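These are the residues of each chain, in order.
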Amino acid sequence: EGMCDDGNSSIDPAVVTSDGSKELVAAVGTLNTGKHDACRLCFKDWPQVANYTVVGTRTESGVADQPMGLEETTLGAKNRAEAAMQAVPNATIGVGLESGLVVVGDLHFDFCSCSIFDGTRHCIGVSSMFALPPKVVAQLSEKGYNGAFEALGVTPDPNGSGVLGHMSNGILSRPAQMKESVSNAL
């Protein structure tokens, strides 16, 4: 179960239960269909959100293009979750997903933070992390995340398995990483 900022765990089923007259809508703060799919796949596994319809909307994270650290990345997810809920009039919850980097010594780890916002509180989940290749790290500041991978011949695929799929020969994927962060927020 995820931990919410009020110290309780998970989304309260009483908050998200339909009275039968209202469609349950999860406003996801992105137009990236890969992130929408990750939410749909995750929601199928959780009874309290299994009946939700995912609606994507453009939002801004309010943080750097490449967030660094848990705090900044999670703030970006929270900002997206709140903005998504505000942008979709019939939303029951807002979902924000933000990818970021954590530096440990010389290693740069990629991860995803998720915030699920119910209008009052944020429930936060974080994915597992994977280390970026040193050749990518060496080019991050000059070329940015996607540009650093492109310079090594890896074409970003925002709606597919992404660079994580490429680096793991298809064993891991960006959607699975996103799904994990959503699941951990629930």
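Predicted, not measured: the structure shown is a model, and the values here were computed from it.

Chemist: Would you mind going over the nonpolar core with me for this structure?
Modeler: A general trend in soluble globular proteins is that nonpolar side chains are found buried together. Judged by nonpolar contacts, the single largest core of 20 residues is most densely connected at C39, F43, I93, V95, L97, I116 and V182. Those elements giving two or more residues to this core turn out to be strand 2 (25-28), helix 2 (33-44), strand 4 (93-104), strand 5 (107-117) and helix 6 (174-185). No other element matches helix 2, which puts four residues into this core. In this view, V95 contacts A26, A27, V28, G29, C39, F43, R80, A81, A84, C114, S115 and I116; residues no more than four positions away in its chain are not counted. Counting 12 residues, the second-largest nonpolar core is a separate cluster that includes F130, V136, L140 and A148.

Chemist: What's the story with the environment of V55 in this structure? I'm lost.
Modeler: One can find V55 in strand 3 (residues 53-56). On the basis of relative accessible area, V55 is assigned to the partly exposed category, the value being 30%. With 19 residues separating them along the chain, V55 and H36 place their C-alpha atoms 7.7 Å apart. Leave out the neighbours within four places in its chain, and V55 touches V25, A26, A27, V28 and V88.

Chemist: Whenever I open this one, the pattern of salt bridges confuses me. Can you help?
Modeler: Oppositely charged side chains can form a pair if their charged atoms are brought close together. The tally for this structure, following the rule as stated, stands at six salt bridges. Residue K179 is joined to D45 by a salt bridge in which the shortest nitrogen-to-oxygen separation is 3.1 Å. Of this pair, K179 sits in helix 6 while D45 sits in the loop between helix 2 and strand 3, and the two are 134 residues apart along the sequence. For R174, the salt bridge is made with D110, and the minimal N-O distance between the two is 2.8 Å. Of this pair, R174 sits in helix 6 while D110 sits in strand 5, and the two are 64 residues apart along the sequence. Side by side, R174 and D110 carry an identical accessibility label, which is buried.

Chemist: Could you clarify how one ought to interpret the environment of L132 in this entry?
Modeler: Note on placement: L132 falls in the loop between strand 7 (130-131) and helix 4 (134-151). Separated by 31 residues in the primary sequence, L132 and L101 have C-alpha atoms spaced 9.3 Å apart. Ignoring sequence-local partners within four residues, the contact set of L132 consists of L101, H108, D110, V137, L140, Y145 and F149.

Chemist: I tried to follow the pairing of strand 5 on my own but got confused; where do I start?
Modeler: Looking along a regular strand, one sees side chains alternate from face to face of the sheet. With respect to burial, strand 5 is a largely interior element, nine of its 11 residues being buried. As paired elements, strand 4 and strand 5 share 11 bridges and run antiparallel to each other. The partner of G94 across the bridge, within strand 5, is F117. The hairpin formed by strand 4 and strand 5 contains two residues between the paired strands, and G105 there has a positive phi angle of roughly 65°. Here strand 5 pairs with strand 6 (residues 122-126) via five bridges, running antiparallel. Opposite I116, over in strand 6, you have C123 as the bridge partner.

Chemist: For this particular structure, what's the right way to read the packing of aromatic side chains?
Modeler: By convention here, two paired aromatic rings are described through the distance between centres and the angle between planes. Within this structure, the stated rule accounts for two aromatic pairs. Ring geometry for F43 against Y52: centres 6.2 Å apart, planes inclined by 70°, an arrangement best described as edge-to-face. Like Y52, F43 is buried. Aromatic side chains Y145 and F149 sit 5.2 Å apart centroid to centroid with 50° between the ring planes, which places their arrangement in the tilted category. Of the two residues, Y145 and F149 both sit in helix 4, four residues apart, roughly one turn of that helix. As far as burial versus exposure is concerned, Y145 and F149 are alike and both buried.

Conventions adopted
- Residues numbered from 1 in each chain as written.
- Predicted model: local features only at pLDDT ≥ 70, side-chain atom pairs only at ≥ 80, totals over all residues.
- Heavy atoms only, no water.
- Core = buried A, V, L, I, M, F, W, Y, C linked by side-chain atoms within 4.5 Å.
- Buried < 20%, exposed > 50% of the residue type's maximum accessible area, 1.4 Å probe, protein only.
- Helix = DSSP H or I, 4+ residues; strand = E, 2+ residues; numbered from the N terminus.
- Contact = heavy atoms within 4.5 Å.
- Salt bridge = Lys/Arg side-chain N within 4 Å of Asp/Glu carboxyl O.
- Pairing = 2+ DSSP bridges.
- Phe/Tyr/Trp six-rings, centres within 6.5 Å; stacked < 30°, edge-to-face > 60°.

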